[in-house]
Structure formats: C-alpha cells, structure tokens
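In case you want the letters, here they are:
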Amino acid sequence: MANGSEVVHGFPHLDTVRAAITALHRRLSYDGVRAYGSSVAPADVAFADGEDLHLGAQRVARALVRQLRLPDARMIVSFREMHHAASVELTAGPEYFIELNDRFRRHRRDIGAALAHEITHVLLHRLGLEFHGQRDNEILTDTVTTYLGAGWLLLDAYREDEVSSQKLGYLTPEEFGYVLAKRALVFGEDPSVWFTSPQGYTAYTKGRDRALRDGRQPPLSAAGWNGRRRYAKDRRYAVDHPGSARPGHGSPYTFEYAPGGGLRVSFPCPTCHQRIRVPVRGRVRARCGLCRTILECDT
C-alpha cells in the first residue's frame with residue numbers, strides 16, 4: 001500500500017476506476033454486491049483511549065474481515081519500519097500476515113484505513129479478481145475497498161495543510177470521493193457524517209459532483225440542454241453518414257447499426273459502467289443486465 005507525500009488531485013485514474021466497478025459487479029453478481037449494503041461503522045474501527053495497540057489492531061482487523069464478508073480469514077497484524085504504509089502476505093490461508101508501518105503506532109486513528117486496503121487484497125485474491133500491472137491492480141483494490149463499504153476510512157485518512165500532507169492508497173482524494181458517492185447512490189447512504197477530516201469531506205463533495213454527472217449524460221433523459229443538443233447533432237450525423245467514426249469530443253456514447261438494420265446507441269450504465277445498447281427511437285426505458293438499474297433514455 002502506497003503512502004505518498006505529494007498529494008495528486010483530480011481524476012487521472014477514472015477510466016480504471018470505472019473498469020474496476022464493472023469488474024466487481026461481474027465477479028460478485030447483483031446479489032453479491034447487494035450483500036454489502038452497510039458500511040463498516042466508525043465505532044468498530046476506532047481505537048479507544050488506552051487500548052492496547054496489538055489487541056486493538058486485531059479487533060479492527062476482525063471488524064474489517066466481517067465487513068468484507070471474508071470467511072475463516074484470520075489476520076495477524078504486526079508493525080515494523082518500512083517504506084510503504086502496509087503490506088500483506090497473500091497465501092492460501094487460513095492465516096494472513098499484515099505488516100503496518102511503525103508510524104501507525106503513533107497514528108492509531110489511521111490503522112483501520114491501512115488494514116482495509118490490505119484485507120481487500122485478501123478478498124480479491126480469494127475471488128481471483130485482478131488487473132494487469134501493479135498500478136491498475138492497486139487502483140482496483142482501492143476501488144473495491146471503497147465500493148464494499150470500508151474505503152471511507154481511506155478518504156478520512158487524507159489530511160493536507162500548508163506544511164504537511166498525508167494520503168493513503170493509490171486513488172486521488174477526489175477519486176475516493178467518486179467511488180464513495182457511487183456506493184452512496186446505490187445503497188442510499190450518507191457517508192459525509194463519518195468524516196473527521198475536513199479535506200476528506202471536501203474531496204468527497206467533488207467526487208460526488210462527478211458521480212452525479214454520470215447520470216446526466218445523453219442519451220439519459222436527465223441530460224441537460226447542452227448535452228441533448230450535442231446528442232441530437234451527433235445522431236443526425238450518424239443517420240446521414242453510416243459507418244463514420246463520430247462522435248468525438250469525449251462523448252460516452254457511440255452510434256452503430258444493428259445487424260438487422262436500425263440505428264442503436266451504445267453508452268455506459270451510470271451505475272456499473274457496463275455498456276448498454278438501445279434502439280434510437282425516442283423515449284426508451286432500459287434495464288442494465290448487470291446491476292439491474294432502470295434507465296430512462298431519450299434516444
């Protein structure tokens with residue numbers, strides 16, 4: 001797990017984050033994702049005054065194992081000097097060994113965040129879910145941690161002022177906020193009440209704005225006037241120029257002709273980002289076959 005001193009902002013990994021959300025839905029299925037309806041409670045991952053370091057870390061680890069629905073997974077937590085924030089030994093189990101950076105002895109409030117990321121590595125290992133390359137695989141881990149109800153800890157561990165900064169994980173603070181907002185929209189949660197970090201809360205609001213924007217892209221009926229106007233122009237072009245490679249301008253939708261004839265539009269589901277294809281024929285109601293979201297479209 002990375003522990004970067006220079007905090008990057010914005011959404012540079014958004015394509016990989018969205019691919020991770022899709023991969024998670026495909027691996028767990030609709031019912032599997034819905035089993036994670038409640039996030040880990042702040043009280044379950046907080047250290048009490050005077051609590052023993054090792055016993056407290058084991059208690060928090062058990063809470064996160066329960067949150068991530070890992071069966072028969074015992075986490076052995078130790079502390080040592082190391083470059084990274086944390087690491088986990090991935091074996092067949094039933095015991096997994098997690099090492100945390102010695103600095104967490106002094107910063108106990110962030111132990112839950114570090115453990116959440118490492119225990120998600122165990123979950124992904126058991127699920128056989130991985131991306132190619134360390135960078136993308138770590139982004140997958142951060143995304144899954146957050147989407148399954150433990151990653152708000154990682155965003156709350158982000159703190160930054162004029163003289164110092166701290167951020168755990170590989171996603172930017174705003175990307176953590178984006179995934180957290182995606183989860184909140186699915187499960188009806190309000191994670192804003194859990195933040196102790198003002199900077200974490202601000203990053204969440206920025207990520208939430210980006211997540212809400214996904215549900216306002218054409219051909220969805222909630223798209224704004226500018227988006228609908230651009231979509232209509234691209235649709236006319238597709239009708240007049242079959243097979244041409246338009247639209248551009250970073251649009252999430254593309255037009256294509258069905259094998260039997262007739263124009264279709266393809267676009268990502270705003271919930272799970274699997275691509276959906278619907279006929280171009282005005283108002284259409286579609287259901288995503290992966291996450292079962294009902295989508296009102298104006299094609």
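For every chain, the first residue of the written sequence is number 1, and numbering continues from 1 along that sequence. With pLDDT at 70 or above as the cut-off, local features in this predicted model cover only qualifying residues; side-chain atom pairs require 80 or more to be listed or tallied, and sums for whole chains, interfaces and linings still use all residues. Processing note: side-chain calculations cover all non-hydrogen atoms of the structure and skip hydrogens and water entirely.

Chemist: Before we move on, can you summarise the sheet that holds strand β7 (residues 254–257) with the specific residues and values?
Modeler: Spatially, the 3 strands line up as an open sheet ordered β7-β8-β9, and their pairing is antiparallel. What marks the edges here is a single partner per strand, and that holds for β7 and β9 (275–279). When the angles between neighbouring strand axes are averaged without regard to direction, this sheet yields 30°. Each pair of strands is called paired provided DSSP finds at least two bridges between the two strands. Strands here are runs of E lasting at least two residues and helices are runs of H or I lasting at least four, both read from the DSSP assignment and numbered beginning at the N terminus. Relative to β9, strand β8 (residues 263–268) runs antiparallel, the two being bridged by 5 bridges. Paired with Pro-268 across the strands is Arg-275, a residue of β9. Should any heavy atoms of two residues lie within 4.5 Å, those residues are counted as being in contact. Fitted lines through C-alpha atoms serve as axes, helices being fitted only where they are in contact, and the angles separating the N-to-C directions of these axes extend from 0 to 180 degrees. Packing of helix α9 (residues 225–240) onto the sheet brings it into contact with β7 and β8, and relative to β7 it is tilted by some 30°.

Chemist: Go over the packing of aromatic side chains with me, naming the residues and quoting the values.
Modeler: Aromatic contacts are taken between Phe, Tyr and Trp rings whose centres are within 6.5 Å, Trp giving its six-membered ring; a plane angle under 30 degrees counts as stacked, one over 60 as edge-to-face, and the others as tilted. This model, assessed by the stated rule, comprises 6 aromatic pairs. Here Trp-152 and Trp-194 contribute two aromatic rings whose centre-to-centre distance is 5.3 Å and whose plane-to-plane angle is 45°, an arrangement assigned as tilted. Separated by 42 residues along the polypeptide, Trp-152 in helix α6 (residues 152–156) and Trp-194 in the loop between α7 (173–187) and α8 (198–214) bring together distant segments of the chain. Whether a residue is buried, partly exposed or exposed follows from its accessible area with a 1.4 Å probe, protein chains only, as a fraction of its type maximum: under 20%, in between, or over 50%, in that order. Look at Trp-152 and you get buried, because its relative accessible area is 4%. Ring plane angle 75° and centroid distance 5.0 Å describe the contact between Tyr-231 and Tyr-253, whose orientation is recorded as edge-to-face. A residue pair is termed long-range when its members are at least 10 positions apart, and Tyr-231 in helix α9 and Tyr-253 in the loop between α9 and β7 qualify at 22 residues. In this structure Tyr-231 comes out as buried when scored by relative accessible area, which is 3%. Of the residues examined, Tyr-253 reaches a relative accessible area of 0% and is grouped as buried. Three or more aromatic residues joined by ring pairs make a cluster, and in this case those are Tyr-231, Tyr-253 and Phe-255. Look at NZ for Lys and CZ for Arg. If either is within 6 Å of the ring centre and within 35 degrees of the ring normal, a charge sits over the ring. Sitting over the ring of Phe-104, Arg-103 keeps its end group 4.5 Å from the ring centre. Between the NZ or CZ atom of Arg-210 and the centre of the ring of Phe-11, over which it lies, the distance is 4.8 Å.

Chemist: I'd love a proper account of the packing of α7 against α8, names of residues and values included.
Modeler: One way to put it is that α7 packs onto α8 with a least axis distance of 7 Å and a crossing angle of 55°. By the angle class used here, α7 and α8 are oblique. Here α7 and α8 pass one another in a crossing that is right-handed. Every residue of α8 that contacts α7 at Pro-173, Glu-174, Gly-177, Tyr-178, Leu-180, Ala-181, Lys-182, Ala-184 and Leu-185 is listed here: Ala-203, Tyr-204, Lys-206, Gly-207, Arg-208, Arg-210, Ala-211, Leu-212 and Asp-214. Residue polarity follows a fixed list, in which Ala, Val, Leu, Ile, Met, Phe, Trp, Tyr, Cys and Pro are nonpolar, Asp, Glu, Lys and Arg are charged, and the others, Gly among them, are polar. Of the residues in the contact of α7 with α8, the class split is 10 nonpolar, 2 polar and 6 charged. Roughly parallel means an angle under 35 degrees; roughly antiparallel means over 145; roughly perpendicular covers 65 to 115; every other angle is labelled oblique. In this scheme the handedness of a crossing depends on how the near helix is turned from the far one: anticlockwise by less than a right angle means left-handed, clockwise means right-handed.

Chemist: Please provide a residue-by-residue account of the side chain of His-121, values included.
Modeler: Tracing the backbone through its elements, the reader meets His-121 in helix α4 (residues 111–127). Overall, the relative accessible area of 12% leaves His-121 in the buried class.

Chemist: Tell me about the environment of Val-45, residues and numbers included.
Modeler: Relative to the helices and strands, Val-45 is located in helix α2 (residues 42–45). Taking the C-alpha atoms as reference, Val-45 lies 27 Å from Ala-211; in sequence the two are 166 residues apart. Not counting residues up to four positions away in its chain, the partners in contact with Val-45 are Val-40, Val-60, Leu-64, Trp-152 and Leu-153.

Chemist: Before we move on, can you summarise the nonpolar core with the specific residues and values?
Modeler: Throughout this description, the term nonpolar core refers to a set of buried Ala, Val, Leu, Ile, Met, Phe, Trp, Tyr and Cys residues connected via side-chain atoms within 4.5 Å. Counting residues in each nonpolar core, the largest one holds 71 residues, and the members touching the most others are Leu-64, Met-75, Leu-100, Leu-115 and Ile-119. A total of 10 residues in this core trace back to one element, the largest contributor, which is α4. Apart from residues lying up to four places away in sequence, Leu-64 is in contact with Val-40, Val-45, Gly-112, Leu-115, Ala-116, Ile-119, Ala-150 and Leu-153.

Chemist: Any details on unusual backbone geometry? Residues and values, ideally.
Modeler: That bond from Pro-218 to Pro-219 is cis: its omega, 10°, falls within 30 degrees of zero. Tracing the backbone through its elements, the reader meets Pro-219 in the loop between α8 and α9. Phi is positive for His-273, which is not a glycine, with a value near 70°. Of note, His-273 is situated in the loop between β8 and β9.

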